[in-house]
Amino acid sequence: ASSPSALLSAALPARYSDPPNSAFRQSKAADLQGVKDATSADTTPSISFEDDPSQSDRYAAPPSSPPLSTTSISTYHTSCEVLVSPGRAEIKNGLDIIEETGSGLRELIAHHCSSPEPQRSGTKRPAPGFIFDLDGVFKNAGRYYSFGARVLRKLQRERIPYIFMTNGGGGRTEQQYADLINKKLAAFDSEDDKKTVSESESFVTEKQMVLSYSPFLTHLKHLRHAPVLIVGCKRAVNVVESYGFTKTTHIEEYARRHPTLNPFKKGSGGCEKDDRVYRGKEHWSEGFKAVLVFTDPSDLFEAIQITTDVLLSSRPGKVEYDPQHRIPIVFSNGDLLWKTQHPFPRFGQGAFKLSLQACYKARMEALGLSKAEIDTRLGDFVQFGKPVHAQYIYARQALLDRASDLGCHISRFYMVGDNTRSDIAGAVSMNTFSSKHRLRPWSAFLVKTGVWREGEDRMGADAVFEDVTKVVASVLQDYKQNLRN
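As the structure is a prediction and not an experimental result, all values here were calculated from the model.

A. Structural detail: the overall build of the protein. Scanning the protein from N- to C-terminus turns up 16 helices and 17 strands. Here the protein holds 485 residues, and the buried ones make up 51% of them. About 21,900 Å² of surface is accessible on the protein, with carbon and sulfur atoms providing 51% of the total.

Written out as structure tokens, the structure is:
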């Protein structure tokens, strides 16, 4: 008889049972139409693995990866007839996997990211690869630094691959954000620089953009046709639709549908909505399978109140707390602070997460839940964005795809950012991971144009530079010196 772990492995969709192939971001349109991942095809390499052909078996699955369990997965898969959970075996036919808890979702994401595709260099030329943060490196809120255009044109002339990875996004699609960057940087593009690149070459394309919520496209496929609550700015609805989600409800729409959830009228200066008695009939039929935080909420109080209600019960107007109801809440980034036009850093999405955790915990204590129950429910918080490993795995693949387009392979990955807790911490962790699994190394460089200040902890950064122009000049100088040698 097959073991529970073997049955679970058979039940995992292709995106979890195999490493993503180099085309996983090349056609979002095909992805949204349900085209099978290329991982289902034969991916036997015709050329050597990244560092040592004799170590190719190391890329199958790290020995230290924890075995998957079915404890927090209550669900379903098209190709699996029997799914074994502790103490039970269930027949599940014709349904897609839906991870009903945050711990189950995190487990599957970790499995997916445990064995990234090795780079296949062959005879391609080596080149450094850059992953740039945006805020604090190329811009200060809506104001772009004048040197940004010059830096990118230099990399384009040298055919050096680069991408942007930001913990923002502002509710824009990757294409919309790329268009915005191109428009802003065009104002600083010199005539001399324009002559050195193709007339049609923009500074950045959709494929070179990794926004905080970009990995939702890959990791949350199973929720595309499930009812989910969307938290963030209204513009995020466009992103949600472009990713193929079909049963979404924005938090503002949900608040209008259920006016008694939030006792305070938005824009009323904190006054209670006691001017009239609500006599309408509310229907609590949404049955959300997850809460997805795409951007910072526009109304923090309302977001904390409603999200707490939805996490505690599928019908907050009928049942205050349902012990059988557990769903994940997925955050697109965890930045406590970020750089704006204000002289000092401002609170970001991480502040919302911390506030929600504190209020959710206090609410559960008031309901009399045990410490074990509270800890379990707080475990349903799932984090994306820098410095989370899954975000860097996603960005790594995007950069490898760009390198492939330029006919080169990455000799070293360079993360350039201004935030030690996100940019630097994530890159340092990726370097450790890469060393362990014989992948190309990472370097982490800090710049002084953002939130980091002289005298603060560098958190393992390899070097500190005045700005991104100095970073690129230094790396390219070393790169050319190595080629000559």
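B. Representation of the environment of Leu476 within the structure. Topologically, Leu476 is positioned in helix α16 (residues 468–484). For Leu476, a relative accessible area of 2% puts it in the buried group. Residues Leu476 and Glu158, 318 residues apart in the sequence, show an inter-C-alpha distance of 9.1 Å. Ignoring anything within four residues of it in the chain, the contact list for Leu476 reads Pro128, Lys154, Leu155, Glu158 and Ile160.

C. Main features of the confidence of the model for the protein. Here the protein shows a mean pLDDT of 79. Residues at 70 or above account for 74%. Counting interchain partners and residues more than four positions distant, the pLDDT-below-50 stretch residues 1–99 has 187 contacts.

D. Geometry of the sheet that holds strand β15 (residues 408–417). Strand order in the open sheet made by the six strands is β7-β6-β3-β15-β16-β17, with parallel pairing throughout. Unpaired on one side and paired on the other, β7 (209–210) and β17 (463–465) mark the two borders of the sheet. As paired strands, strand β16 (residues 442–447) and β17 are joined by three bridges and run parallel to one another. Paired with Val447 across the two strands is Phe465, which belongs to β17. Of the strands in this sheet, β3 (125–132) and β6 (162–165) touch helix α5 (residues 148–157), which is tilted by about 145° from β6. Its contacts with the sheet place α16 against β3, β15, β16 and β17, and it is angled at close to 165° to β3.

E. Spotlight on the sheet that holds strand β9 (residues 248–250). Ordered by their spatial adjacency, five strands build an open sheet running β9-β8-β10-β11-β14, and the pairing between neighbours is parallel. Edge strands, defined here as strands with exactly one partner in the open sheet, are β9 and β14 (381–383). If you compare each strand with its neighbour and ignore which way they point, the axes differ by 25° on average. In terms of strand pairing, strand β10 (residues 290–293) meets strand β11 (residues 329–331) through three bridges, oriented parallel. Across the sheet, residue Leu292 finds its bridge partner in β11, namely Val330. Packed on one face of the sheet, helix α4 (residues 102–113) meets β11 and β14 and runs near 25° to β14.

F. Representation of the packing of α5 against α16. Packing of α5 against α16 brings their axes to within 9 Å, and their N-to-C directions diverge by 20°. Classified by the angle their axes make, α5 and α16 are roughly parallel. Relative to α16, α5 is oriented so that their crossing is left-handed. Facing Arg150, Val151, Lys154 and Leu155 of α5, the residues of α16 in contact are Val468, Thr469, Val472, Ala473 and Leu476. In terms of residue class, the contact of α5 with α16 is made up of six nonpolar, one polar and two charged.

G. Representation of the pattern of salt bridges in the model. The final tally for this structure, using the stated rule, is 14 salt bridges. The partner of Glu286 in a salt bridge is Arg257, with the nearest N and O atoms 2.9 Å apart. On the criterion of sequence distance, the pair formed by Glu286 in the loop between α10 (251–257) and β10 and Arg257 in helix α10 is long-range, its members being 29 residues apart. Look at Arg257 and you get partly exposed, because its relative accessible area is 32%. As a salt-bridge pair, Lys448 and Glu466 come within 3.0 Å of each other at their nearest N and O atoms. Separated by 18 residues along the polypeptide, Lys448 in the loop between β16 and β17 and Glu466 in the loop between β17 and α16 bring together distant segments of the chain. Take Lys448: its relative accessible area is 32%, and that puts it in the partly exposed class. Each of Asp133, Lys386 and Asp423 takes part in salt bridges that share partners, so that together they form one network.

Basis of the calculations
Residues numbered from 1 in each chain as written. Predicted model: local features only at pLDDT ≥ 70, side-chain atom pairs only at ≥ 80, totals over all residues. Heavy atoms only, no water. Helix = DSSP H or I, 4+ residues; strand = E, 2+ residues; numbered from the N terminus. Buried < 20%, exposed > 50% of the residue type's maximum accessible area, 1.4 Å probe, protein only. Areas by Shrake-Rupley, 256 points an atom, 1.4 Å probe, with all protein chains shown as cover. Contact = heavy atoms within 4.5 Å. pLDDT = per-residue confidence, 0-100. Pairing = 2+ DSSP bridges. Axes fitted to C-alpha atoms, helices over the stretch in contact; angles between N-to-C directions. Parallel < 35°, antiparallel > 145°, perpendicular 65-115°, else oblique. Left-handed = near helix turned anticlockwise from the far one by under 90°. Nonpolar A, V, L, I, M, F, W, Y, C, P; charged D, E, K, R; others polar. Salt bridge = Lys/Arg side-chain N within 4 Å of Asp/Glu carboxyl O.

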